Amino acid sequence: MEGLDHLRALDYVHARKALERVIELDPGFPLAHSALSEVWSTLGYDARAKREAATAKELAGELPQRDQLLVEARFYAVSHDWARAAEAYGALRRLDPDNLEHALALAELRLESGRADLALEIIEALRTLPAPHSMDPRLDLMAATIAHRKGRFDQILEPATRAAERAAALGARQFEARAYNRIAVAHFRKGDLAKALEVAHKASVIFEEIGDRMGTTTSMRIATTVFLNEGRIDEAVEMTERALAIAREVGSQSEISLLLGHLGTMETRRGQFVPGREYALASIEVSREIGNRRREGISLIYLAGAYAVEGALRNAEDACQRAAWILSEIGNEKWEAQARSSLAHIMRRQGRVHEALAEAEKAVAMERGLGDRVGLAIGLDAQGWALLILARMDLARACFDEVNELGVLTKHRTIVSRSALGRAVLLRAEGKLSAAEDLLRGALETHDAMNEKPQGALVAMELAKTVVAGEDSRGAVSAARAAVERFAPLGIRDGQVESESLLSRALLKDGDLDGAIHAAGRARQRLPAVEDRVASLEARIVLAEVDAARGQQDRAREQLRRLAGEARTLGCSPIAKEAESGLKRLDR
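Undergrad: Looking at this structure, I do not really get the nonpolar core. What am I missing?
TA: For soluble globular proteins, nonpolar side chains are generally found buried alongside one another. Counting 120 residues, the largest nonpolar core has Ile156 and Cys572 as its most contacted members. With ten residues, the single largest contributor to this core is helix α21 (residues 373–389). Setting aside its immediate chain neighbours within four residues, Cys572 contacts Val353, Ile389, Val534 and Ala567. One finds Leu43, Ala53, Ala88 and Ile146 within the second-largest nonpolar core, a separate group that totals 63 residues.

Take a look at the structure:
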């Protein structure tokens with residue numbers, strides 16, 4: 001059948017057209033409906049995929065057992081009933097143990113449901129088959145994909161290279177190009193960005209030559225990742241927009257949703273929050289139109305990220321809670337864990353520190369089970385910050401140290417920078433200001449090189465806090481002004497308030513009371529709009545210090561008592577101690 005030939009060649013656009021012609025001629029042919037379901041699923045139309053799979057299942061009663069099982073397996077897979085889909089594919093494997101198609105479909109199913117370890121077990125079992133089955137390039141390609149999904153980036157290059165060589169020898173150019181994409185990722189994670197771009201381009205050329213437009217977009221996405229890492233964010237956006245145009249031409253709604261989400265994340269990273277939200281919302285809309293709940297959940301995480309960076313924490317929590325619920329319901333542990341890590345950061349900033357720690361611990365447990373190094377680092381970072389606020393310093397340090405190890409292993413610059421931020425705050429609490437400064441200056445250099453403006457502003461503020469804690473009053477004022485200047489154009493409410501209050505403290509330290517009063521006034525004006533309770537507490541302590549310096553000691557004492565009690569209630573021990581220290585200084 002022409003449609004199946006196109007499907008085996010991964011030519012989903014022509015496969016769809018051919019299968020639709022078959023169904024038009026014979027509406028009661030169940031295998032055509034089942035194959036079309038697979039095509040719709042790959043193109044991202046989950047609702048259509050489920051309808052075709054359900055039709056195939058209804059019509060499959062007269063088929064031989066093997067064909068009935070295949071129809072059932074596809075139906076359960078598109079319905080995200082992973083257990084029954086795995087049972088059906090397992091039965092197919094028992095009937096036909098040498099059939100690679102069924103085994104690879106089961107491995108893909110395991111990977112999609114978040115069970116990368118089980119997927120790898122299947123691949124390792126297939127390697128024991130006699131040639132030519134054990135030499136099929138798809139085995140190595142799947143092994144490289146599993147390593148990528150698990151964040152085991154050091155384990156990608158060998159199987160991906162072998163897959164490319166075997167595919168080239170067979171003339172299987174589609175699989176050769178896919179293998180090159182994996183090789184490009186491996187080089188990217190090794191830090192060889194030029195090689196990563198070269199290999200991604202090589203894959204793109206093959207995809208273009210064989211007319212695989214969807215494949216071309218995957219190569220372009222890898223290139224955008226390299227651009228982002230080099231700080232070439234404008235080029236990354238431009239290439240993603242080109243990939244989006246191709247996806248729209250092909251009609252891959254899943255790819256369209258994915259690329260819209262990526263554009264939203266890029267805009268957020270460079271401080272363009274309105275476009276960031278708009279792209280994320282557009283991604284959600286496309287996902288809902290096609291009934292792709294996995295993509296909807298992921299896009300909701302992107303939306304939550306845009307809201308959270310801007311400081312709109314209530315909106316961020318709502319988006320994140322919906323994402324976690326959707327991803328849990330469909331059994332996608334990988335992205336559910338990501339949602340919970342994001343939720344932990346949001347709750348911590350809202351002052352719900354114990355809830356934040358519980359969410360982070362869930363995320364970390366899930367990521368350890370999945371074996372995803374990058375996801376684990378993100379979860380540990382969230383856990384470390386919650387522990388830090390609760391003054392469980394040794395446990396926080398263990399989290400941030402492990403984040404750093406994972407960042408180094410995966411060559412992930414942003415993760416290394418995240419660990420540096422947490423470790424620097426711990427060093428500052430111990431009075432090791434010089435070491436903290438060194439870490440923060442390195443992190444700031446990373447974010448500036450990557451043009452990550454909101455994260456750069458956050459690191460600049462932690463650097464200013466560290467300098468203000470030292471003896472250099474002029475340096476403190478300069479560092480605080482630099483933080484204010486970074487936050488000012490971004491419109492991040494909590495960052496603006498916290499940096500202005502920090503400048504006020506630095507000016508007080510330098511003996512400039514009038515300047516401190518003016519900076520405090522700007523912070524007070526913006527304070528009501530701040531949803532970040534931790535940032536609000538820290539800013540209000542400084543405002544009380546300014547009141548005391550102006551001679552309003554009674555007002556300052558009242559404020560500090562209230563703030564100490566509020567911080568204790570929330571579990572923010574370091575902030576409570578800071579307020580209590582301020583009270584002691586006033587009572588001397």
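Undergrad: Please explain the packing of α21 against helix α22 (residues 393–410) as it appears in this structure.
TA: Packed helices, taken two at a time, are described by the angle their axes make and the gap between the axes. At their nearest, the axes of α21 and α22 sit 8 Å apart, and the two run at 155° to each other. The orientation of α21 with respect to α22, classified from their angle, is roughly antiparallel. Of the two possible hands of crossing, α21 and α22 adopt the one that is left-handed. On α22, the residues touching Arg373, Val374, Leu376, Ala377, Leu380, Asp381, Gln383, Gly384, Trp385, Leu387 and Leu388 of α21 are Met393, Leu395, Ala396, Cys399, Phe400, Glu402, Val403, Leu406, Leu409 and Thr410. Looking at the contact of α21 with α22, its residues break down into 15 nonpolar, three polar and three charged.

Undergrad: Mind showing me how you'd approach the pattern of salt bridges here?
TA: If the charged atoms of two oppositely charged side chains come close together, the side chains can form a pair. Within the structure shown, the criterion is met by 55 salt bridges. With a shortest N-O distance of 3.1 Å, Asp136 and Arg138 are connected by a salt bridge. By relative accessible area, Asp136 is classed as buried at 14%. Overall, Arg138 belongs to the buried group, its relative accessible area being 18%. Note that Asp532 is salt-bridged to Arg349, the shortest N-O span being 2.9 Å. With Asp532 in the loop between α28 (513–526) and α29 (533–549) and Arg349 in helix α19 (residues 333–349), the pair connects residues that are 183 residues apart, well separated along the chain. Each of the salt bridges in this network shares a partner with another, and the network as a whole consists of Glu124, Arg127, Asp140, Glu158, Arg162 and Arg166.

Undergrad: How do you make sense of empty space enclosed by the protein when you look at a structure like this?
TA: One simple way to see leftover space: roll a probe sized like a water molecule over the atoms. Applying the stated rule across the entire model yields two cavities of 30 Å³ or more. As a volume, the largest cavity reaches approximately 70 Å³. For the largest cavity, the full set of lining residues is Leu111, Gly114, Arg115, Ala116, Arg149, Lys150, Lys334, Leu370 and Asp372. Classifying every residue of the lining of the largest cavity by side-chain character gives three nonpolar, one polar and five charged. Approximately 30 Å³ is the volume found for the second largest cavity. Along the walls of the second largest cavity sit Leu111, Glu112, Gly114, Arg149, Arg294, Asn332, Lys334 and Trp335, which together make up its complete lining.

Undergrad: Sorry if this is basic, but what is going on with the packing of aromatic side chains here?
TA: Two aromatic rings are characterised by how far apart their centres lie and by the angle between their planes. Counted by the stated rule, this structure contains two aromatic pairs. With 5.4 Å between their ring centres and 65° between their planes, Phe75 and Tyr76 make a pair best called edge-to-face. With a centroid separation of 5.7 Å and 75° between ring planes, the pair formed by Trp385 and Phe400 is classed as edge-to-face. Of the two residues, Trp385 sits in helix α21 while Phe400 sits in helix α22, which places them 15 residues apart along the sequence. Exposure remark for Phe400: the relative accessible area of 0% places this residue in the buried category.

Conventions adopted
- Residues numbered from 1 in each chain as written.
- Predicted model: local features only at pLDDT ≥ 70, side-chain atom pairs only at ≥ 80, totals over all residues.
- Heavy atoms only, no water.
- Core = buried A, V, L, I, M, F, W, Y, C linked by side-chain atoms within 4.5 Å.
- Buried < 20%, exposed > 50% of the residue type's maximum accessible area, 1.4 Å probe, protein only.
- Helix = DSSP H or I, 4+ residues; strand = E, 2+ residues; numbered from the N terminus.
- Contact = heavy atoms within 4.5 Å.
- Axes fitted to C-alpha atoms, helices over the stretch in contact; angles between N-to-C directions.
- Parallel < 35°, antiparallel > 145°, perpendicular 65-115°, else oblique.
- Left-handed = near helix turned anticlockwise from the far one by under 90°.
- Nonpolar A, V, L, I, M, F, W, Y, C, P; charged D, E, K, R; others polar.
- Salt bridge = Lys/Arg side-chain N within 4 Å of Asp/Glu carboxyl O.
- 1 Å grid on protein atoms, 1.4 Å probe; cavity = no way out; pocket = protein on both sides within 12 Å on 5 of 7 lines; lining within 4 Å.
- Points joined across faces, edges and corners; volume = space filled by probe spheres on them.
- Phe/Tyr/Trp six-rings, centres within 6.5 Å; stacked < 30°, edge-to-face > 60°.

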